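# Summary of the model geometry
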Amino acid sequence: MPRFNRRRPRGGLALLLAGIVIAACAAVSFDKRGGSDYLESITDAVRGFDARAVISLIFPGDKEISANSGAIPAMSGTPGAEVHFIDVGQGKAVLIISEGEAALIDCGDTGKGAQVAGYLRRQGISKISILAASHPHADHIGDMDKLVEEFEVGIFIMPDLPDALIPTTRTFTRLLSALDEKGLQITIAKPGEVFPLGGGALRILGPVGEYDNLNDMSVICRFEYGEVSFLFTGDAEEAAEEAAAERYHRRGLLRADVLDVGHHGSKSSTSQNFLDLVNPRIAVISCGMDNGYGHPAREALERLSGAEVYRTDIHGTVVIKTDGLGITVQQS
């Protein structure tokens, strides 16, 4: 099980830095009582030291990581967050657990509902705070109607589809009927909206435009917990990726430690420009063994060569845990 370790100062330097940190914390408290001159003297004392080293003494973690733009701070003293890339064969189902609250993005193909429901129950989940359908293809929403029926659902999110792309499939109409019977309204995925989840949040980034390809209408979202972030792109292909890159490249909101690889590793997704902005340390591909689509494509794997790649067809369910600073990976 790979683990990403932080570098920590040692010996006398560590003790010196620890002393400075303690003094600085005391100074902050003193400053609130009007001792600004003392705070300034402490600031001068720490000038020249590596801020990362100082922070690592206060917040020990598993991985050295820079703060993400717009990151949601994790609540102190909490158990952290987990992201489960569930092995559902040729499909996608991603479970996020953040301090006891659950979000589910997609649920695999038709016939996988009982498997996903059983997996959620084994995690102790009875309520899905956020249920998101990235887009209404069967390998993403197959038995989502059964999950709506069996679990309490807080918010249901899906993209705002143009009329020409609204499916008439039984899979989709069953889902709409289940939502109606439960009295659940559809929350349209609007870029910029942030949905709290435990000590973290799910931030909607896309789709940022309207496309004639249902894959490109996929919800793009980012789960943020402390300094660690996960990016999910559904089946978004190059057109949607490039639009998102153009919109967010200056704000750093596509940057993520973990990338849920788009369209099961298809060569038409994970374009180089988009991948350069995400710059993930870990990439997870949800796909089925010996699937008929050739996923993941050789071209996509080559572009992902700079990341640690996990595949559900090879590694099974992949679980990534974080305390807001470090990340660990488990396979099952």
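Residues numbered from 1 in each chain as written. Predicted model: local features only at pLDDT ≥ 70, side-chain atom pairs only at ≥ 80, totals over all residues. Heavy atoms only, no water.

### Focus on the side chain of Ser129
Relative to the helices and strands, Ser129 resides in strand 4 (residues 127-132). Engagement of the side chain of Ser129 in a polar contact is seen with the side chain of Glu101, the distance being 3.4 Å. Setting aside residues no more than four positions away along its own chain, Ser129 makes contact with Glu101, Ala102, Gly154, Ile155 and Leu197. (Helix = DSSP H or I, 4+ residues; strand = E, 2+ residues; numbered from the N terminus. Polar contact = N/O pair within 3.5 Å; in protein donor to acceptor, adjacent residues only side chain to side chain. Contact = heavy atoms within 4.5 Å.)

### A look at the sheet that holds strand 2 (residues 94-98)
Reading across from one edge, 6-5-4-3-2-1-14-15 is the order of the eight strands in this open sheet, with mixed pairing throughout. Only two strands of the sheet have a single neighbouring strand rather than two, namely strand 6 (186-188) and strand 15 (327-331). Sheet twist, expressed as the average angle between the axes of neighbouring strands with direction ignored, equals 20°. Pairing of strand 2 with strand 3 (residues 101-105), which is carried by five bridges, proceeds in the antiparallel orientation. Bridge pairing in strand 3 links Leu95 to Leu104. (Pairing = 2+ DSSP bridges. Axes fitted to C-alpha atoms, helices over the stretch in contact; angles between N-to-C directions.)

### With respect to the side chain of Arg203
The topology assignment puts Arg203 in strand 8 (residues 200-206). Look at Arg203 and you get buried, because its relative accessible area is 13%. Polar contacts involving the side chain of Arg203 include one to the side chain of Glu224, which spans 2.6 Å. (Buried < 20%, exposed > 50% of the residue type's maximum accessible area, 1.4 Å probe, protein only.)

### Side note on the environment of Gln115
Locating Gln115 in the fold gives a position in helix 4 (residues 113-122). Sequence separation between Gln115 and Asp87 is 28 residues, and the spatial gap between their C-alpha atoms is 9.6 Å. Those residues within four positions of Gln115 in sequence are excluded, and the remaining contacts are Ile86, Asp87 and Val88.

### Concerning the pairing of strand 14 (residues 318-322)
Along strand 14, four of the five residues are buried, which leaves the element largely enclosed by surrounding structure. Where strand 1 (residues 81-85) meets strand 14, five bridges bridge the pair, whose relative direction is antiparallel. Looking at strand 14, one finds that Ala81 is bridged to Thr322. Pairing geometry for strand 14 and strand 15, over five bridges, is antiparallel. Bridging across to strand 15, Lys321 finds its partner in Thr328. The turn linking strand 14 back onto strand 15 is made up of four residues, and Gly324 within it adopts a positive phi angle of 100°.

### A word on the nonpolar core
Counting 56 residues, the largest nonpolar core has Leu95, Leu104 and Leu231 as its most contacted members. The residues touching Leu231, leaving out its near neighbours within four places in the chain, are Leu205, Ile220, Cys221, Arg222, Leu254, Ala256, Val258, Leu259, Asp260, Phe274 and Val278. Among the nonpolar cores identified, the runner-up in size contains 30 residues, and Phe85, Tyr225, Val228 and Ile320 belong to it. (Core = buried A, V, L, I, M, F, W, Y, C linked by side-chain atoms within 4.5 Å.)

### Let's talk about helix 8 (residues 238-248)
Buried within helix 8 we find Ala240, Glu241, Ala244, Ala245 and Tyr248. With its buried residues spanning 140° around the axis, helix 8 presents them on a single face. For helix 8, the elements touching its buried residues are strand 8, strand 9 (220-225) and helix 9 (272-278). (Arc of directions from axis to C-beta.)

### So, the pairing of strand 8
Every other side chain in a regular strand lies on the same face of the sheet, so the side chains alternate between the two faces. Across the seven residues of strand 8, seven count as buried, placing the element largely inside the fold. In this structure, the hairpin formed by strand 7 (residues 194-197) and strand 8 is closed by a connection of two residues, where Gly198 is found at a positive phi of approximately 60°. Pairing analysis gives five bridges linking strand 8 to strand 9, with the strands arranged antiparallel. Bridge pairing links Leu202 to Phe223 in strand 9.

### Some thoughts on unusual backbone geometry
Leaving glycine aside, a negative phi is the common case for residues, and trans is the common case for peptide bonds. In this model, Gly206 is joined to Pro207 through a cis peptide bond whose omega is 15°. With respect to the secondary-structure elements, Pro207 resides in the loop between strand 8 and strand 9. That bond from His295 to Pro296 is cis: its omega, -5°, falls within 30 degrees of zero. Relative to the helices and strands, Pro296 resides in the loop between strand 12 (282-285) and helix 10 (298-303). In this structure, Asp290 takes a positive phi of about 50° despite not being glycine.

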